[in-house]
Amino acid sequence: MTGRPGVLVYALLTGVVVSSAFPLYWSFVVSSSDSSAIGDSIPPLVPGGYLLENVQRVFDTVDFWLAIQNSLIVSGTVMVSTVVLSSFAGFAFARLRFAGRNTLFLVVIGTVMVPAQLGVVPLYMVVGDLGWYGRLEAVIVPALVNAFSVFWMRQACEEAVAPELVDAARVDGCSLWGTFRHVAIPAIRPQAAVLGMVTFMAAWNDFFWPLIVLDPNESLTVQVALSRLASGYFLDYSLMLTGATLGVLPVIIVFLLLARQIVNGLTRVSVNG
């Protein structure tokens, strides 16, 4: 019988929470302070009264509403498509029997070994041929699904979807779609939520590819907008960190919406692992 955690455990967990939350808190403190306060010998540790003024300066410097809108469109579309397509593929690789299944799965996993930088030039040429330069399709379509998400959902189906349930559903006359909908989806929902959160964050934080293919004046994303706030001869930390604080809010909201499923998914993975 195990006892209750001791004081050392709580102290360690408190330290982890504080160290994880402090960068976000510090960004908020700086974003609510005057830019001159950052150079003081004793930096401010409590929020100031310049938050609204700094927020207004952010929107006056760049079209931040457009950046948030574009990032939401890109990240939301990529998150939904990745979860849906990788769930289909993961269920097929885990529970369907077809010729060449293992070979095809190895080919998919093998694409992870190819550095993304090698595909920048040919992908840029394809985007140009399709007339997508400066449009959000250039960022969305190449990221609709990836090998890691397929591997993740395949492992989720292997652990959560019992083959006996799949066989029983097919014997009872359930179609392939019905089997996936009624047997697989309820079982893999927590892992799908984890994948959705990770995918949303990756798409939201992507900077390199949107910088190349999007027009910074008409179709910029949040990360490109933040890079413009950080450009210039003088680095205005209040302006830059105000933009960073605004840019992280949608990620926090998505996390809160998926928090319950994410915790269940991580708990299940840790227990089964």
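Residues numbered from 1 in each chain as written. Predicted model: local features only at pLDDT ≥ 70, side-chain atom pairs only at ≥ 80, totals over all residues. Heavy atoms only, no water.

### Quick notes on empty space enclosed by the protein
For the structure shown, the criterion picks out 1 cavity of 30 Å³ or more. Looking at the largest cavity, its volume works out to about 50 Å³. Taken together, N70, S71, V74, S75, V139, A203, W204, D206, P210, T221 and Q223 make up the lining of the largest cavity. Taken together, the elements giving at least two residues each to the lining of the largest cavity come down to helix 3 (64-95) and helix 9 (176-205). (1 Å grid on protein atoms, 1.4 Å probe; cavity = no way out; pocket = protein on both sides within 12 Å on 5 of 7 lines; lining within 4 Å. Points joined across faces, edges and corners; volume = space filled by probe spheres on them. Helix = DSSP H or I, 4+ residues; strand = E, 2+ residues; numbered from the N terminus.)

### Observations regarding the packing of aromatic side chains
Across all of its chains, the model carries 13 aromatic pairs by this definition. On the basis of an interplanar angle of 40 degrees and a centroid distance of 6.2 Å, the ring pair of F148 and W152 is categorised as tilted. Within this pair, F148 and its partner W152 are both found in helix 7 (residues 147-160), separated by 4 residues, close to a single helical turn. W152 gets classed as partly exposed once you look at its relative accessible area, which sits at 21%. Grouped by ring-pair contacts, the aromatic residues F88, F91, W177 and F180 constitute a single cluster. (Phe/Tyr/Trp six-rings, centres within 6.5 Å; stacked < 30°, edge-to-face > 60°. Buried < 20%, exposed > 50% of the residue type's maximum accessible area, 1.4 Å probe, protein only.)

### Observations regarding helix 11 (residues 222-229)
The buried count for helix 11 comes to 6 of 8 residues, which makes it a mostly enclosed element. The set of residues buried in helix 11 consists of V222, Q223, V224, A225, L226 and L229.

### Topic: the confidence of the model for the protein
Here the protein averages 86 in pLDDT, and 94% of its residues register 70 or above. Confidence, expressed as mean pLDDT per element, reaches its minimum in the protein at helix 12 (residues 237-272) with 79 and its maximum at helix 3 with 94. (pLDDT = per-residue confidence, 0-100.)

### Overview of the layout of surface pockets
One number sums up the size of the largest pocket: a volume of about 970 Å³. Broken down by secondary-structure element, the contributors of at least two residues to the lining of the largest pocket are helix 3, helix 5 (120-130), helix 7, helix 9 and helix 10 (208-213). With 5 residues, helix 9 is the largest single contributor of residues to the lining of the largest pocket. Of the residues belonging to the lining of the largest pocket, the class tally is 20 nonpolar, 5 polar and 1 charged. (Nonpolar A, V, L, I, M, F, W, Y, C, P; charged D, E, K, R; others polar.)

### Some words on the pattern of salt bridges
According to the stated counting rule, one finds 4 salt bridges in the structure shown. D236 serves as the salt-bridge partner of R57, at 2.8 Å between the closest nitrogen and oxygen. With a gap of 179 residues between them, R57 in helix 2 (residues 51-61) and D236 in the loop between helix 11 and helix 12 connect regions that are remote in the sequence. According to the relative accessible area criterion, R57 is partly exposed, its value standing at 26%. Of the charged contacts, one joins R154 and E158 as a salt bridge, the two residues approaching to 3.7 Å between their closest N and O atoms. Of this pair, R154 and E158 both sit in helix 7, separated by 4 residues, roughly a single helical turn. Accessibility expressed as a relative area gives 17% for R154, which makes it buried. It is possible to trace a salt-bridge network through shared partners that takes in R95, R154 and E158. (Salt bridge = Lys/Arg side-chain N within 4 Å of Asp/Glu carboxyl O.)

### Quick look at a nonpolar patch on the surface
A cluster of nonpolar side chains, namely V80, V84, L85, F88, V145 and W177, defines an oily patch on the protein surface of about 520 Å² accessible area. With 4 residues, helix 3 is the largest single contributor of residues to the nonpolar patch. Note on placement: W177 falls in helix 9. (Patch = residues over 30% accessible without salt bridge, like charges linked within 9 Å, V, L, I, M, F, W, Y side chains within 5 Å. Areas by Shrake-Rupley, 256 points an atom, 1.4 Å probe, with all protein chains shown as cover.)

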